[in-house]
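# Residue-level structure breakdown
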Amino acid sequence: MSAGIEVVRAGALTTVQDEGRFGHAHLGVGRAGALDAPSARLANRLAGNPVGAALLETTVTGCAVRPDRAVRVVVGGAPCRVTVEGRPVAWGAAVRVPAGAVLDAGPAAHGVRSYLAFAGGLEPEPVLGSRSADLLSGLGPDPLRDGDVLPLGPPRPPQTGPPTAAAVPWPGVPAELVLPVLLGPRHTWFTADALRTLTTAAYRVSAQSNRIGLRTEGPALDRAREGELPSEGMVLGAVQIPPDGRPVVFLNDHPTTGGYPVVGVVPEAALAGAARVVPGTVVRFVRTAR
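The model shown is predicted, which means the values in this text are computed figures rather than measured ones.

With that settled, the discussion passes to the side chain of Asn 44. Following the sequence through the fold, Asn 44 ends up in helix H1 (residues 37–47). Of the polar contacts made by the side chain of Asn 44, one reaches the backbone oxygen of Val 51; its length is 3.1 Å. Only 3.0 Å separates the side chain of Asn 44 from the backbone oxygen of Ala 53, close enough to count as a polar contact. Residues in contact with Asn 44, not counting those within four places in the same chain, are Asn 49, Pro 50, Val 51, Gly 52, Ala 53, Leu 55 and Ala 117.

So this is what it looks like as structure tokens:
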């Protein structure tokens, strides 16, 4: 029989993620995948997995799991208290969890999303080439519930001397999120004053943010023209302006089409910080040419 991971405490929102599903936007299927990709990849490396192996992404409150065989586990991303059978173990480094023992990744001390990587990777049934949960489309595994059991891949031999926790440069949680933005394609739908506001004002992360998009609170952007667009393609990092005038930065579970104007696009490489910041964090948009 194959090994499995039982969910003892699912937390507020815990999903299975890998690097996402690519090449299906023309069918209306988005990417999904780990929001904080650098942290997910590092957790997999330390667990001895390929960087794209499926793992767990928690949100704020963490989760607890019980493997039915001994397994190396790495908890990384947002710092949190980690215990095995109630005893503290290392965060950000590989630890051995015996068969039947409960590993608990507690609430995030800083940031939002923690990652749990298991040696061998998680192996729920792939959908369109990915095991990622997409909250908007419903593709992939459902968000976890207490009592769920996830298949675990075969154990992998340890890599040659995984680095210690002290040697690993885990990404930090930004005290202020600075996002470069390339204006267009619909920036002409906004006044010159609105564009100036976008790139000079201090916004804040809204508590309504999620895997679909980072919502902001702050000054509204005034339109230079009325009406709405026919629905058009949306890309990862698009900065869409809904009727309330406050920017929304599309993240991994974003829709592939939309009718509100996109004032600019944040390059993908800059989006990982958006996965880490907590509500209330200051957000600044800085104009870039590329």
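Once that is clear, we can look at the sheet that holds strand E6 (residues 80–84). Strand order in the open sheet made by the 6 strands is E7-E6-E9-E4-E1-E11, with antiparallel pairing throughout. With partners counted over all chains shown, the strands left at the sheet margins are strand E7 (87–89) and strand E11 (149–151), one partner each. Adjacent strand axes in the sheet meet at a mean angle of 30°, parallel and antiparallel pairs treated alike. Bridge analysis of strand E1 (residues 4–9) against strand E4 (residues 63–67) gives 4 bridges, and the strand direction is antiparallel. Of the residues in E4, the one forming a bridge with Arg 9 is Ala 64.

Outside of glycine, negative phi angles account for most residues, and trans bonds account for most peptide bonds. Following Gly 184, the chain continues into Pro 185 via a peptide bond in cis, with omega recorded as 10°. The residue Val 60 is not glycine, and still its phi comes out positive at about 70°. Structurally, Val 60 is set in the loop between strand E3 (55–57) and E4. The phi dihedral of Glu 85 is positive, around 55°, even though this residue is not glycine.

The strand order E2-E3-E10-E5-E8 describes an open sheet built from 5 strands, whose pairing is antiparallel. This sheet does not close on itself; its edge strands, each paired only once, are strand E2 (15–17) and strand E8 (94–97). Sheet twist, expressed as the average angle between the axes of neighbouring strands with direction ignored, equals 30°. Where E3 and strand E10 (residues 114–118) come together, 2 bridges link them in antiparallel fashion. Paired with Glu 57 across the strands is Tyr 115, a residue of E10.

On to the state of the cysteines, then. Here a disulfide denotes one covalent bond, and it connects the sulfur atoms of two cysteines. Under the definition given, this model contains 0 disulfides. Left without a disulfide partner, Cys 63 is nearest to the cysteine sulfur of Cys 80, which lies 8.8 Å away. By relative accessible area, Cys 63 is classed as buried at 1%.

For the rest of this paragraph, the subject is the pairing of strand E19 (residues 262–265). Pairing geometry for strand E12 (residues 176–183) and E19, over 2 bridges, is antiparallel. By the bridge assignment for E19, Leu 182 is matched with Val 265. In this sheet, E19 lies alongside strand E16 (residues 238–240) in antiparallel orientation, the contact comprising 3 bridges. Bridging from a neighbouring strand, Gln 240 pairs with Val 262 of E19.

Moving on to H1. Because each turn of an α-helix spans 3.6 residues, side chains separated by three or four positions in sequence point in the same direction. Ser 39, Ala 40, Leu 42, Ala 43, Asn 44, Leu 46 and Ala 47 are the residues of H1 that are buried. Considering only its buried residues, H1 is in contact with E3, strand E5 (71–77), E8 and E10. At the exit of H1 stands Gly 48, carrying a positive phi of roughly 85°.

Before going further, it helps to spend a moment on empty space enclosed by the protein. The full count for this structure, using the stated rule, is 1 cavity of 30 Å³ or more. Quantified by volume, the largest cavity comes out at close to 40 Å³. Taken together, Asp 36, Ser 39, Gly 77, Ala 78, His 110, Gly 111, Val 112, Arg 113, Pro 171, Gly 172, Val 173 and Arg 276 make up the full set of residues lining the largest cavity. Residues belonging to the lining of the largest cavity are distributed by class as follows: 4 nonpolar, 5 polar and 3 charged.

Before going further, it helps to spend a moment on the pattern of salt bridges. Inspection of every chain in the model, using the stated rule, returns 12 salt bridges. Close ionic contact of Arg 211 with Asp 253 constitutes a salt bridge, the shortest N to O distance being 2.9 Å. Highlighted residues: Arg 211 in the loop between strand E13 (203–205) and strand E14 (213–217) and Asp 253 in the loop between strand E17 (248–250) and strand E18 (257–258), separated in sequence by 42 residues. Taken individually, Arg 211 and Asp 253 each receive the classification buried, so the pair is uniform in this respect.

Reading guide: rules and limits
Residues numbered from 1 in each chain as written. Predicted model: local features only at pLDDT ≥ 70, side-chain atom pairs only at ≥ 80, totals over all residues. Heavy atoms only, no water. Helix = DSSP H or I, 4+ residues; strand = E, 2+ residues; numbered from the N terminus. Polar contact = N/O pair within 3.5 Å; in protein donor to acceptor, adjacent residues only side chain to side chain. Contact = heavy atoms within 4.5 Å. Pairing = 2+ DSSP bridges. Axes fitted to C-alpha atoms, helices over the stretch in contact; angles between N-to-C directions. Disulfide = S-S within 2.5 Å. Buried < 20%, exposed > 50% of the residue type's maximum accessible area, 1.4 Å probe, protein only. 1 Å grid on protein atoms, 1.4 Å probe; cavity = no way out; pocket = protein on both sides within 12 Å on 5 of 7 lines; lining within 4 Å. Points joined across faces, edges and corners; volume = space filled by probe spheres on them. Nonpolar A, V, L, I, M, F, W, Y, C, P; charged D, E, K, R; others polar. Salt bridge = Lys/Arg side-chain N within 4 Å of Asp/Glu carboxyl O.

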